[in-house]
Amino acid sequence: MHEQRSPRPLRVLTLNIHRGFNAFNRRFVLHELRDAVRAEGSDLVFLQEVGGGSVPAGAADIGAHYEFLADEIWHDRAYGRNAVAEGQDHGNAVLSRLPVLRSYNHDVSLPGVEPRGVLHCVLARPARQPELHVMCVHLGLSEAHRSHQLARLCEVIRHSVPADATLVVAGDFNDWRARADSLLAPCGLIEVFRQAHGRHARSFPARMPLLPLDRIYVRGTAAHRPLRLPRQPWARLSDHAPLAAEIDLPELP
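Basis of the calculations
Residues numbered from 1 in each chain as written. Predicted model: local features only at pLDDT ≥ 70, side-chain atom pairs only at ≥ 80, totals over all residues. Heavy atoms only, no water. Pairing = 2+ DSSP bridges. Helix = DSSP H or I, 4+ residues; strand = E, 2+ residues; numbered from the N terminus. Contact = heavy atoms within 4.5 Å. Axes fitted to C-alpha atoms, helices over the stretch in contact; angles between N-to-C directions. Salt bridge = Lys/Arg side-chain N within 4 Å of Asp/Glu carboxyl O. Buried < 20%, exposed > 50% of the residue type's maximum accessible area, 1.4 Å probe, protein only. Disulfide = S-S within 2.5 Å. Phe/Tyr/Trp six-rings, centres within 6.5 Å; stacked < 30°, edge-to-face > 60°. Lys NZ or Arg CZ within 6 Å of the ring centre and 35° of its normal.

Draft legend 1. View of the sheet that holds strand 9 (residues 190–191). Pairing in this open sheet of six strands is mixed, and the strands run 5-6-7-8-10-9 from one edge to the other. Looking at which strands have only one partner, the edges of the open sheet turn out to be strand 5 (100–107) and strand 9. Packed on one face of the sheet, helix 3 (residues 143–160) meets strand 5, strand 6 (117–123), strand 7 (132–138), strand 8 (166–172) and strand 10 (214–219) and runs near 165° to strand 7.

Draft legend 2. Here's a closer look at unusual backbone geometry. Following Phe-204, the chain continues into Pro-205 via a peptide bond in cis, with omega recorded as -10°. In this model, Gln-232 is joined to Pro-233 through a cis peptide bond whose omega is 10°. Within the secondary structure layout, Pro-233 lies in the loop between strand 11 (223–227) and strand 12 (243–248). The residue Glu-49 is not glycine, and still its phi comes out positive at about 55°. By secondary structure assignment, the location of Glu-49 is in strand 2 (residues 44–51). In this structure, Arg-128 takes a positive phi of about 60° despite not being glycine.

Draft legend 3. Seen up close, the environment of Ala-170. The topology assignment puts Ala-170 in strand 8. A C-alpha to C-alpha distance of 11 Å links Ala-170 and Asn-16, two positions 154 residues apart in sequence. The residues touching Ala-170, leaving out its near neighbours within four places in the chain, are Thr-14, Phe-46, Gln-48, Met-135, Cys-136, Val-137, Arg-215 and Ile-216.

Draft legend 4. Region of the structure containing the pattern of salt bridges. Scanning the entire structure with this criterion turns up 17 salt bridges. In this structure, Arg-8 and Asp-43 form a salt bridge, with 2.6 Å as the shortest nitrogen-oxygen distance. With Arg-8 in the segment before strand 1 (10–16) and Asp-43 in the loop between helix 1 (30–39) and strand 2, the pair connects residues that are 35 residues apart, well separated along the chain. According to the relative accessible area criterion, Arg-8 is exposed, its value standing at 62%. Several salt bridges converge on common partners, so that one network encompasses Asp-175, Asp-181, Arg-194 and Arg-215.

Draft legend 5. Examining the state of the cysteines more closely. Summed over all chains, the structure comprises one disulfide. Here Cys-136 stays unpaired: no disulfide links it, and the sulfur of Cys-121, its closest cysteine neighbor, is 8.2 Å away. According to the relative accessible area criterion, Cys-136 is buried, its value standing at 0%.

Draft legend 6. Looking closely at the packing of aromatic side chains. Per the counting criterion, the structure on display carries two aromatic pairs. Aromatic side chains Tyr-66 and Tyr-79 sit 4.8 Å apart centroid to centroid with 5° between the ring planes, which places their arrangement in the stacked category. On the criterion of sequence distance, the pair formed by Tyr-66 in helix 2 (residues 65–70) and Tyr-79 in strand 3 (residues 76–85) is long-range, its members being 13 residues apart. Judged by relative accessible area, Tyr-66 falls into the buried class, the value being 15%. The ring of Phe-68 carries the charged tip of Arg-34 above its face, separated from the ring centre by 3.9 Å. Positioned above the aromatic ring of Trp-176, the side-chain terminus of Arg-177 is 5.8 Å from the ring centre.

Right under this line is the structure:
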């Protein structure tokens, strides 16, 4: 008899790349970021503050950040443009080793403030396993704005994600007062680091993380566990530190 092997866990990474610049915008570091992201060997990468079709003058030869970062490693990717400033657009992106069947960028903005979006991707799994839903999030700086955006996020989940589907929501929540968990509980989301360690991971500022701004939420997984990442090289590549986790997906017989 052949021994039946358990499916390999899905490795997830989330990072606010600060439009390709290090802290205080002193240096364009997208080449180094690409090397660091690749070295983690993630299956899914959630990116925020990603340059789209237009980028800073000093990086004009690179083109869209998410295309440059994905290159030959992640053959499927999606981008959701949230804002355009001085001719340069940026938003959220998902890089995936799983095929992206479809993607949507849901507008969760409030009038008169910086535009925000939720990038929702539906991914195909091998062997006719159920589809995987993922959402990349970057919320506002004001708590009142975040409350509205989290309510909209739950609304999007209720209307766009089947109740029995596995869902991963990751990104920069800017939730330094830890209010998001209670607002997301009605949609069944659990934060990976808080469930494992009793508190959220500190991710900002990257050189000496004090505030828990970044999150990885899951629903309908078989198991999940946070991963510990080294301080370097990340501390010199963005103002946020990345978060990573392993996720076991439920399998049909």
